[in-house]
Amino acid sequence: MCDSAIDAVHPRFSKKPMFYQTGFKIALIQLSVGPDKAKNVAAAVSEIHKAKAKGAHVVALPECFNSPYGTKYFNEYAEEVPSGATSRALSRAAAEAGVCVVGGTVPERCGDRLYNTCTVWDDSGKLLAQYRKMHLFDIDIPNKITFKESEVLSAGDQVTTFDYRGVRIGIGICYDIRFPELAHLMAQQGCSMLLYPGAFNMTTGPKHWELLGRARANDCQLWVGQISPARDAAAGYVAWGHSILVDPWGQVKGQLDERPGVIIEDIDLKVVEEVRCQIPIRIQRRTDVYDTVSVKQ
């Protein structure tokens, strides 16, 4: 009944995948990341197989899981997608484990441009989606942190979602989570979950990491997962860690500390419909007064 009401009043919200199911198990992997790319990738592959052994259907990795995070590293560690060594390793791991792998992010080389890119691989090792970070992390907090990704990276310009096991999932990367318009567009496209590989720092992490995840989950009435690398106090860029999973009510269902670890949780998609039926903001939006639209399809 709730579904039909949404379809009738706001058909853009009715784009559910054909084989919509009741749920799946997800693993969010918080990895230690060092300067050895091969070691980083091998650790990720090992954790993918461990997650499968614990029943995971979808495994998500952190931002820049194969390289240290920082503008001085992006060119050195960059690879082509999907032909690079890291992409090949993720494809093989997804196929061997029989899981969907949301491959965190890697520095991607495309011609003379570099991107911060998330790849998604299905359980046969096929590339399902490729998302390039849209909002580059350019900030200046006096006496705290100054960082400008745009000095090295180019910005993507495509809203990216994918379907797996009858579920539509949207992808953002780190700073993207601060932009509710992007999340809303993915919700309009039928997403029941948003995943944000991200590496918030020791200034913004304590203030906003959890807050933003809960806000996007509450705004869009869907599941949100944020996957950070573990903290390395000796690194040039120190990540906050604290990977987190939030349900459509805005409640934290799992959270790590700063150390390496894994969140494995069942994603109950019935909760998505429950929230949307009980608090029907999606059909109450005043689209005669305001709307969120994509200007590039």
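As annotated in an unreviewed UniProt entry, the protein chain carries the name omega-amidase and comes from Danaus plexippus plexippus. For the protein chain, the Sequence similarities (unreviewed entry) comment in UniProt is given as "Belongs to the carbon-nitrogen hydrolase superfamily. NIT1/NIT2 family."

This paragraph deals with the nonpolar core. Across soluble globular proteins, nonpolar side chains show a tendency to be buried alongside one another. With 46 residues, the main nonpolar core has Phe24, Val102, Phe162, Met193 and Leu195 as its most contacted residues. Core analysis: the second largest hydrophobic core is formed by 21 residues, Val41, Ala56, Phe65 and Trp121 among them.

This model, assessed by the stated rule, comprises zero disulfides. Cys118 provides the cysteine sulfur closest to Cys110, a residue in no disulfide bond, and the two sulfurs are 16 Å apart.

Within the element layout of this structure, Arg168 appears in strand β10 (residues 167-171). In this structure the side chain of Arg168 is engaged in a polar contact, spanning 2.7 Å, whose partner is the backbone oxygen of Gln189.

Moving on, we get to the layout of surface pockets. Within this model, the largest pocket holds a volume of roughly 250 Å³. Together, 19 residues line the largest pocket, and Val33, Pro68, Tyr69, Ala235 and Tyr237 are the ones closest to its centre. Broken down by class, the residue content of the lining of the largest pocket amounts to 13 nonpolar, three polar and three charged. The volume enclosed by the second largest pocket comes to roughly 200 Å³. Forming the walls of the second largest pocket are 13 residues, and the residues nearest its centre are Met134, Val159, Leu185, Val293 and Ser294. Tallied by class, the residues present in the lining of the second largest pocket amount to seven nonpolar, three polar and three charged.

Spatially, six strands are ordered β9-β10-β11-β12-β13-β14 in an open sheet, and the strand pairing comes out mixed. Edge positions in the open sheet fall to β9 (161-164) and β14 (252-255), since each of these has one partner strand only. Averaged over neighbouring strand pairs, the angle between their axes works out to 20 degrees when direction is ignored. Where strand β11 (residues 193-197) and strand β12 (residues 223-227) come together, five bridges link them in parallel fashion. Paired with Pro197 across the bridge in β12 is Ile227.

A few words now on helix α4 (residues 85-97). Here α4 spans 18 Å end to end across 13 residues, near enough to the 18 Å set by a 1.5 Å rise per residue. All of the buried residues in α4 are Thr86, Ser87, Ala89, Leu90, Ser91, Ala93, Ala94 and Ala97. Where α4 ends, the next residue or the one after it, Gly98, has phi of about 70 degrees, a positive value.

Calculation rules
Residues numbered from 1 in each chain as written. Predicted model: local features only at pLDDT ≥ 70, side-chain atom pairs only at ≥ 80, totals over all residues. Heavy atoms only, no water. UniProt positions renumbered as here; feature names shortened; annotations may be inferred. Core = buried A, V, L, I, M, F, W, Y, C linked by side-chain atoms within 4.5 Å. Buried < 20%, exposed > 50% of the residue type's maximum accessible area, 1.4 Å probe, protein only. Disulfide = S-S within 2.5 Å. Helix = DSSP H or I, 4+ residues; strand = E, 2+ residues; numbered from the N terminus. Polar contact = N/O pair within 3.5 Å; in protein donor to acceptor, adjacent residues only side chain to side chain. 1 Å grid on protein atoms, 1.4 Å probe; cavity = no way out; pocket = protein on both sides within 12 Å on 5 of 7 lines; lining within 4 Å. Points joined across faces, edges and corners; volume = space filled by probe spheres on them. Nonpolar A, V, L, I, M, F, W, Y, C, P; charged D, E, K, R; others polar. Pairing = 2+ DSSP bridges. Axes fitted to C-alpha atoms, helices over the stretch in contact; angles between N-to-C directions. Expected span 1.5 Å × (residues − 1).

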